[in-house]
Structure formats: structure tokens, C-alpha cells
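Next come the chains, spelled out residue by residue.
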Amino acid sequence: MRTLDDLDVKGRRVLVRADLNVPLDGETITDDGRIRASVPTIKALAGRGARVVVCAHLGRPKGQVNPKYSLRPVAVRLGELLGQDVAFATDVVGDSARATVEALQDGQVALLENLRFEPGEDSKDDAARGAFAEQLAGLAELYVGDGFGAVHRKHASVYDVPKILPHAAGGLIVAEVEVLRKLTEQPERPYVVVLGGAKVSDKLGVIANLLTKVDRLLIGGGMAYTFLKAQGHEVGRSLLQEDQLDQVRGFLSEAAERGVELVLPVDVLAATEFAADAEHEVVEATAIPADREGLDIGPKTRELFAAKLADAKTVFWNGPMGVFEFDAFSGGTRAVAEALIASDAFTVVGGGDSAAAVRGLGLPEDGFSHISTGGGASLEYLEGKTLPGLAALEE
């Protein structure tokens with residue numbers, strides 16, 4: 001895979017596919033982690049005299065222009081982090097984009113409006129996607145892929161444009177791939193994976209693949225209740241995917257056969273309703289009352305998980321242990337994060353909600369070896385899938 005060092009960028013228009021898909025409250029960015037992660041590559045290119053044209057998506061506007069998903073607030077924040085003005089194009093490949101790019105001088109940066117305002121960006125039709133990719137590629141002379149959070153998507157800006165322009169991987173993608181190789185090729189053992197989040201169905205492929213690689217698998221979050229139910233326990237009104245029970249039973253028996261230690265919660269915080277101020281109590285995970293739902297792992301489970309992480313040499317964590325957005329149910333996620341910080345392991349936080357939780361709970365980001373910017377992309381890589389955006393950069 002070629003890197004920035006392989007490109008001669010001075011005086012040339014370089015299209016950078018970044019991942020700037022940040023959470024917004026109106027026009028206020030509530031977590032700028034992905035923007036900060038994109039800065040080093042953009043800064044490096046601008047510093048070498050490139051005319052940098054950044055493109056990215058935000059949310060799912062479904063091919064329609066929707067002001068709610070405008071990247072304008074991101075352009076302002078990007079400019080603050082770069083310490084220079086970022087010109088903003090009010091469209092993606094139209095008159096504003098062409099004029100904005102045309103006006104760039106060496107070392108200057110522009111951001112195009114949300115790629116997903118264009119139906120061609122994520123079209124399933126190869127011809128429609130290809131036609132949009134040609135327009136996008138027409139704005140630049142070189143392409144740099146740096147949006148790791150989007151490399152698992154076969155989208156025009158990720159997959160088709162690098163087939164048209166000379167291309168290289170940005171620093172963020174290079175760093176992410178290096179970490180994921182470390183997890184998949186020769187991880188130091190014991191290798192422990194912690195999985196949480198709401199649904200088992202989102203992680204079927206990765207669980208199946210990890211059972212052949214890990215020493216220990218810790219399951220928390222909403223997905224734990226499907227595992228507990230598969231063992232025959234009562235889970236009350238907790239999140240449950242009935243259609244996944246057979247699959248989960250298969251995982252339980254495969255783990256036993258392979259000698260993989262699969263660790264489930266032993267107690268949970270069971271609440272009367274899904275609400276921040278819900279009345280709740282600690283109950284055994286095998287006996288959740290019929291009228292209650294588990295919203296976090298309990299104190300004994302927090303201790304158990306911390307103990308199972310203490311001797312690890314490699315840890316991958318994806319998915320919160322409970323509803324961390326509610327203070328009363330954030331303790332389990334905090335406990336796992338703190339156990340990772342305290343360990344001597346190579347620790348990787350697998351993007352998405354886990355990364356948001358680390359920042360939301362005010363934990364030190366440098367307490368982890370690596371915090372990924374792409375939850376879905378990380379999981380698909382660990383699942384052994386070919387990621388279209390990486391495949392395109394490798395060609």
C-alpha cells in the first residue's frame with residue numbers, strides 16, 4: 001500500500017477522503033474525535049504545498065440535500081484544529097465545489113459538502129456510482145484515502161475514485177491497518193476480546209472468527225442477555241434477540257470445544273424501565289425479575305471482568321457494557337475501560353460507541369494503546385472480510 005511519502009503533492013490538487021462523521025446537537029459538535037484524527041494527514045499534505053480538497057459524509061441523508069446533515073460546522077472545527085481557514089463548498093461536485101477548488105493556493109484546504117447528498121455516492125448501481133466518482137475525481141489530480149471508518153463501504157469516494165486517480169493511504173489508515181494486523185496475525189497471549197453493545201446479530205461474523213483466535217471472550221451489554229437466555233436463564237424484559245438463540249448456543253458449544261473461556265455477566269443492574277432515572281437493583285444475571293430489564297453489568301461482574309483482563313497481553317474491546325449514556329448505568333463500561341488502562345496489555349478500543357464512551361466518561365485517551373476511528377470497519381477486518389476501500393488502495 002502506497003503512503004503519502006510516495007506522492008509528489010506540491011502544487012497539486014489532492015482529494016482526501018476523510019471520516020468526519022461526527023455527532024451533532026443542532027450545529028454543535030458533541031465529539032470531535034474523528035476530526036482530530038483526520039488532522040495529521042491534512043496538515044502533512046498542506047505543509048508539503050498540496051492544494052487539499054477534503055471530502056466526507058455525515059449521517060444518512062439518503063441522496064437528498066438536508067441542511068441537518070451539512071458539513072459546515074465541521075469545516076469551522078477543522079479550521080480551528082488546523083490553525084488555518086478551511087474554504088467550504090456548498091455542494092459536492094457542482095459550481096461551488098469547482099470554484100472553491102479552483103481558488104485554492106498551495107498549502108490551502110477546502111471541504112466539500114456532504115458526499116451523501118449525492119445519490120451516486122452510495123448507489124448499489126456500479127454505473128451510477130462510477131459516473132459520480134468521475135465527477136469527484138475531476139476535481140483533483142491525486143487521491144488519498146484516510147477515512148478508515150468508511151473503508152468497509154463500497155462507495156464512490158472510497159472504492160471507485162482510487163481506481164481513477166493515482167492514490168495512496170493516509171497516515172490514519174496506515175496506523176489502523178498496522179494495529180489490526182497486530183490483532184490478527186500474531187497477537188501476544190493471553191488474547192482477550194471484550195464485546196458489548198446492543199445486538200448479537202451485529203457481531204455474528206466477528207464472534208465466529210474470534211472463537212478460532214482468542215483465549216478469552218467477555219460478553220457484556222445488551223447482547224449478553226441473548227447468551228444468558230441461550231443457557232436457559234430468565235432475562236425479564238432485557239434486550240433479547242430470540243432469532244439468534246440457536247446461533248448463540250452454537251457459539252457456546254464451540255467455545256467449550258476449542259477451550260476458549262467465554263465469560264458472561266454474573267450480576268446486572270435490573271431497572272423498571274429504560275430511563276436515566278429508572279429505579280433499579282443489583283440482581284443475579286441468572287435470575288432477572290420478569291418485570292425488569294438489565295441496563296448494565298453489576299459490581300461482581302465488573303470485578304470478574306477486571307480479573308479476566310489483568311493478565312492479558314492483547315485486548316480488543318468493542319461495545320459498551322450497558323447504557324453508558326445514563327450515569328446510573330455507565331459504571332460497567334467505565335470499569336472495563338479502567339481495567340484496560342490498568343493492564344500492561346496492548347489495548348485496542350474498537351471505535352464506535354466504545355470510543356465515544358471513553359471520551360464521554362472523561363477517561364484519558366492515551367491510557368489505551370490505540371482507539372480506532374472505525375467500529376464497523378474494525379469488526380469486518382477482524383471478521384476476515386475484504387474491505388473495499390483497503391482493496392482499492394492496495395491496487
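Just so you know, these numbers come straight off a predicted model, no measurement behind them.

(A) Broad picture of the overall build of the protein. Within the protein, the secondary structure is distributed over 14 helices and 17 strands. In terms of C-alpha radius of gyration, the protein reaches 22 Å, essentially the compact-globule figure of 21 Å for 395 residues. C-alpha atoms of the protein, sized along the principal axes, occupy 65 × 45 × 40 Å. Here the protein, with 395 residues, has 56% of them falling under the buried criterion.

(B) Quick peek at the sheet that holds strand β14 (residues 293–297). Read across the sheet, three strands follow the order β13-β12-β14 without closing on themselves; strand pairing throughout is antiparallel. Looking along the sheet, the strands with just one partner apiece sit at the ends: β13 (280–284) and β14. Adjacent strand axes in the sheet meet at a mean angle of 40° when their direction is disregarded. Pairing geometry for strand β12 (residues 267–271) and β13, over five bridges, is antiparallel. Among the inter-strand pairings, Leu 269 is bridged to a residue of β13, identified as Val 282. The sheet contacts of helix α10 (residues 299–310) involve β12, β13 and β14, and relative to β14 the element is tilted by about 40°.

(C) Focus on empty space enclosed by the protein. All chains considered together, the criterion is met by one cavity of 30 Å³ or more. Roughly 40 Å³ of internal volume is contained in the largest cavity. Every residue lining the largest cavity is listed: Arg 17, Tyr 143, Gly 145, Asp 146, Gly 147, Val 151, Val 158, Ile 173, Gly 389 and Leu 393. Split by residue class, the lining of the largest cavity holds five nonpolar, three polar and two charged.

(D) Structural view of the nonpolar core. In terms of nonpolar packing, the biggest core is built from 71 residues, with Leu 15, Leu 112, Leu 136, Ile 207, Leu 217, Ile 219 and Phe 227 touching the most fellow members. Setting aside chain neighbours within four positions, we find Leu 15 in contact with Val 53, Cys 55, Leu 112, Leu 136, Ala 140, Leu 142, Tyr 143, Val 144 and Val 161. One finds Ile 42, Leu 45, Ala 46 and Val 54 within the second-largest nonpolar core, a separate group that totals 30 residues.

(E) Geometry of the side chain of His 370. Turning to its location among the elements, His 370 is positioned in strand β17 (residues 370–371). For His 370, a relative accessible area of 14% translates into the label buried. Here His 370 is in contact with Glu 176, Val 179, Thr 347, Val 348 and Val 349, once residues within four sequence places are set aside.

(F) Structural context of the pairing of strand β4 (residues 51–55). Burial runs high along β4: four of the five residues are buried. Bridge count between strand β1 (residues 13–17) and β4: five bridges; the pairing is parallel. Opposite Val 16, over in β4, you have Val 54 as the bridge partner. Sheet topology places β4 next to strand β6 (residues 109–111); three bridges connect them, and they run parallel. Counted as the bridge partner of Val 54 is Leu 111 from β6.

(G) Just the pattern of salt bridges, in detail. Throughout the structure, instances matching the rule amount to 29 salt bridges. The closest approach of N and O atoms between Glu 80 and Arg 77, which form a salt bridge, is 2.9 Å. Of this pair, Glu 80 and Arg 77 are both found in helix α2 (residues 72–82), three residues apart, which corresponds to roughly one turn of the helix. Judged by relative accessible area, Glu 80 falls into the exposed class, the value being 51%. For Asp 160, the salt bridge identified is with Arg 129, shortest N-O distance 2.7 Å. Here Arg 129 lies in helix α4 (residues 126–137) and Asp 160 lies in helix α5 (residues 156–164), a separation of 31 residues in the sequence. Of the two residues, Asp 160 and Arg 129, both sit in the buried class.

(H) Up close: the layout of surface pockets. Roughly 250 Å³ of internal volume is contained in the second largest pocket. Lining the second largest pocket are 14 residues, with Gly 33, Ala 37, Glu 365, Ile 371 and Thr 373 positioned closest to its centre. Every element with two or more residues in the lining of the second largest pocket is listed here: α1 (33–47), α6 (171–184) and β17.

(I) Fine view of a positive patch on the surface. On the surface, Arg 60, Lys 62, Lys 124 and Arg 153 cluster together to form a positively charged patch. You can see Lys 62 is positioned in the loop between β4 and α2. A residue is classified by how much of its surface remains accessible, and Lys 62, at 69% relative accessible area, is exposed.

(J) Region of the structure containing the environment of Leu 245. Secondary-structure assignment places Leu 245 in helix α9 (residues 245–258). Judged by relative accessible area, Leu 245 falls into the buried class, the value being 8%. The spacing of Leu 245 and Ala 110 is 135 residues in sequence and 49 Å in space, taken between C-alpha atoms. If near-sequence neighbours (up to four positions away) are discounted, Leu 245 is found in contact with Thr 226, Lys 229, Ala 230 and Leu 240.

(K) Main features of the packing of aromatic side chains. Considering all chains together, one arrives at one aromatic pair under this definition. Between the NZ or CZ atom of Lys 182 and the centre of the ring of Phe 346, over which it lies, the distance is 4.2 Å.

(L) Structural context of helix α3 (residues 95–102). Those residues of α3 not exposed but buried are Ser 96, Ala 97, Thr 100 and Val 101. The arc enclosing the buried residues of α3, seen along the axis, measures out at 125°, which places them on a common side. Exposed residues lying more than 90 degrees from the buried face of α3 are Asp 95 and Glu 102. In this structure, the buried residues of α3 make contact with β1, β4, β5 (86–88) and β6.

Each value, and the rule that gives it
All residue numbers refer to positions counted from 1 along the written sequence of the respective chain. Given that the model is predicted, a residue must reach a pLDDT of at least 70 before its local features are reported, and side-chain atom pairs must reach 80 or more before they are shown or counted; all residues, however, enter totals for whole chains, interfaces and linings. Values reported for side chains reflect all heavy atoms of the structure, with hydrogen atoms and water molecules removed beforehand. By definition, any uninterrupted DSSP run of H or I lasting at least four residues is a helix, any uninterrupted run of E lasting at least two residues is a strand, and each is numbered from the N terminus. Computation of the radius of gyration draws on C-alpha atoms alone. For the globule rule, the value is 2.2 Å times the number of residues to the power 0.38. Only protein chains enter the calculation, and the probe is 1.4 Å; a residue is then buried if its accessible area is under 20% of its type maximum, exposed if over 50%, and partly exposed in between. Two strands pair under a simple rule: DSSP has to find at least two bridges between them. Only the stretch in contact is used when a helix axis is fitted, and all axes are lines through C-alpha atoms; the angle between N-to-C directions ranges over 0 to 180 degrees. Residues are treated as being in contact if the distance between any of their heavy atoms lies within 4.5 Å. Only protein atoms enter the 1 Å grid used here. Points where a 1.4 Å probe fits but cannot escape make up a cavity, open sets with protein on both sides within 12 Å along at least five of seven lines make up a pocket, and a residue lines them when an atom lies within 4 Å of a point. Grid points are joined across faces, edges and corners, and a volume is the space filled by probe spheres set on the points. For this scheme, ten residues count as nonpolar: Ala, Val, Leu, Ile, Met, Phe, Trp, Tyr, Cys and Pro. Four count as charged, namely Asp, Glu, Lys and Arg, and the remainder, Gly too, count as polar. Throughout this description, the term nonpolar core refers to a set of buried Ala, Val, Leu, Ile, Met, Phe, Trp, Tyr and Cys residues connected via side-chain atoms within 4.5 Å. What makes a salt bridge here is a side-chain nitrogen of Lys or Arg within 4 Å of a carboxyl oxygen of Asp or Glu, nothing more. A patch is a set of surface residues, each over 30% in relative accessible area and not in a salt bridge, joined within 9 Å for like charges and within 5 Å for the nonpolar side chains Val, Leu, Ile, Met, Phe, Trp and Tyr. Working definition of accessibility: Shrake-Rupley area with a 1.4 Å probe, residue cover restricted to the visible protein chains. The charge count includes Lys and Arg as positive and Asp and Glu as negative, but it does not include His or the ends of the chains. Think of each charge as sitting on NZ of Lys, CZ of Arg, CG of Asp or CD of Glu. Aromatic contacts are taken between Phe, Tyr and Trp rings whose centres are within 6.5 Å, Trp giving its six-membered ring; a plane angle under 30 degrees counts as stacked, one over 60 as edge-to-face, and the others as tilted. A ring is scored as having a charge over it whenever the NZ atom of a lysine or the CZ atom of an arginine sits within 6 Å of its centre and within 35 degrees of its normal. Throughout, the arc means that of the directions going from the helix axis to the C-beta atoms.

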